[in-house]
Amino acid sequence: MMGSSGQTEDEKKMSEALSKVAEEHGIESVTAIALAYVMAKAPNVFPLVGGRKVEHLKDNIQALSIRLTQKQIEYLESVRPFEVGFPNNFIGEDPKVTGVAMGLLGAAAPMAWVKAPKAIGHE
């Protein structure tokens with residue numbers, strides 16, 4: 001809101017990486033690739049970005065049909081690691097995803113966790 005109007009160097013690098021993956025899929029929308037990436041990394045997350053224009057809605061819908069390969073996901077993560085955000089960056093990852101309890105939950109008692117299925121955008 002009060003920040004600079006331009007992209008940071010990290011944002012420029014990620015935009016270029018998303019553009020490269022978009023070319024591999026034969027599309028122009030880096031937004032659709034970014035949404036597909038988030039869906040591949042975070043289970044039970046259905047991101048919607050923008051909604052003021054019809055083009056935004058089309059990008060959101062297009063992202064649902066995109067499946068990134070493991071190689072593409074690793075490439076995007078090599079540019080910048082994926083950050084789940086709050087609250088997971090505060091309390092730790094979901095034990096159903098990692099298979100291990102962390103932090104206070106892990107210190108409370110030994111527990112066994114059954115891993116949840118992968119995110120819907122993941123192969």
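Up top is the structure.
As the structure is a prediction and not an experimental result, all values here were calculated from the model.

Moving on, we come to the nonpolar core. Among the nonpolar cores identified, the biggest contains 18 residues, and Ile 27, Ile 33, Ile 66, Leu 68 and Leu 76 are the most heavily contacted of them. Looking at this core, the elements that each hand over two or more residues are α1 (9-24), α2 (30-41) and α4 (70-79). Residue contributions to this core peak at seven residues, all from α2.

A few words on the packing of α2 against helix α3 (residues 54-64). The interhelical angle for the contact between α2 and α3, taken along N-to-C directions, is 45°, at an axis separation of 8 Å. Taken as axis vectors, α2 and α3 run oblique relative to one another. The interaxial crossing formed by α2 with α3 has right-handed handedness. Contact with α2, carried on its side by Thr 31, Ala 32, Leu 35, Ala 36 and Met 39, involves Asp 59, Asn 60, Gln 62, Ala 63 and Leu 64 of α3 and no other residues of that element.

Below, the discussion takes up the environment of Ala 101. With respect to the element layout, Ala 101 can be found in the loop between α6 (95-98) and α7 (103-108). Counting along the chain gives 12 residues from Ala 101 to Trp 113, while the straight-line C-alpha distance between them is 7.9 Å. Once you skip the residues sitting within four places of it in the chain, Ala 101 turns out to touch Pro 95, Gly 106 and Trp 113.

Structurally, the position occupied by Ser 29 is in the loop between α1 and α2. Classification of Ser 29 by relative accessible area gives buried; the value is 12%. Side chain to side chain, Ser 29 and Asp 59 meet in a polar contact 3.0 Å long. The contacts of Ser 29, once residues within four sequence positions are left out, are Ala 22, Asp 59 and Gln 62.

Reading guide: rules and limits
Residue numbers run consecutively from 1 along every chain, following the written order of its sequence. Per-residue local features are limited, in this predicted model, to residues with pLDDT of at least 70; the limit for side-chain atom pairs, both in listing and counting, is 80 or more; totals at the level of whole chains, interfaces and linings are taken over all residues. Hydrogens and water are ignored here; the side-chain numbers use all heavy atoms of the structure. In these notes, a set of buried Ala, Val, Leu, Ile, Met, Phe, Trp, Tyr and Cys residues joined through side-chain atoms within 4.5 Å is what counts as a nonpolar core. Accessible area is worked out with a 1.4 Å probe on protein chains only. A residue is then buried under 20% of its type maximum, exposed over 50%, and partly exposed in between. Counting from the N terminus, the helices are the DSSP runs of H or I reaching at least four residues and the strands are the DSSP runs of E reaching at least two. Axis lines are fitted to C-alpha atoms, over the contacting stretch for helices. Their N-to-C directions set the angle, which ranges from 0 to 180 degrees. Every angle not falling under 35 degrees, over 145, or within 65 to 115 is termed oblique; those three ranges are roughly parallel, roughly antiparallel and roughly perpendicular. Left-handed is the label given to a crossing in which the near helix is rotated counterclockwise from the far helix by less than a right angle, and right-handed is the label when the rotation is clockwise. Note on definitions: a residue-residue contact is assigned when non-hydrogen atoms from the two residues lie within 4.5 Å. Think of a polar contact as two N or O atoms within 3.5 Å of one another; within protein, one of them needs to be a possible hydrogen donor and the other a possible acceptor, and neighboring residues in sequence only count if both atoms come from side chains.

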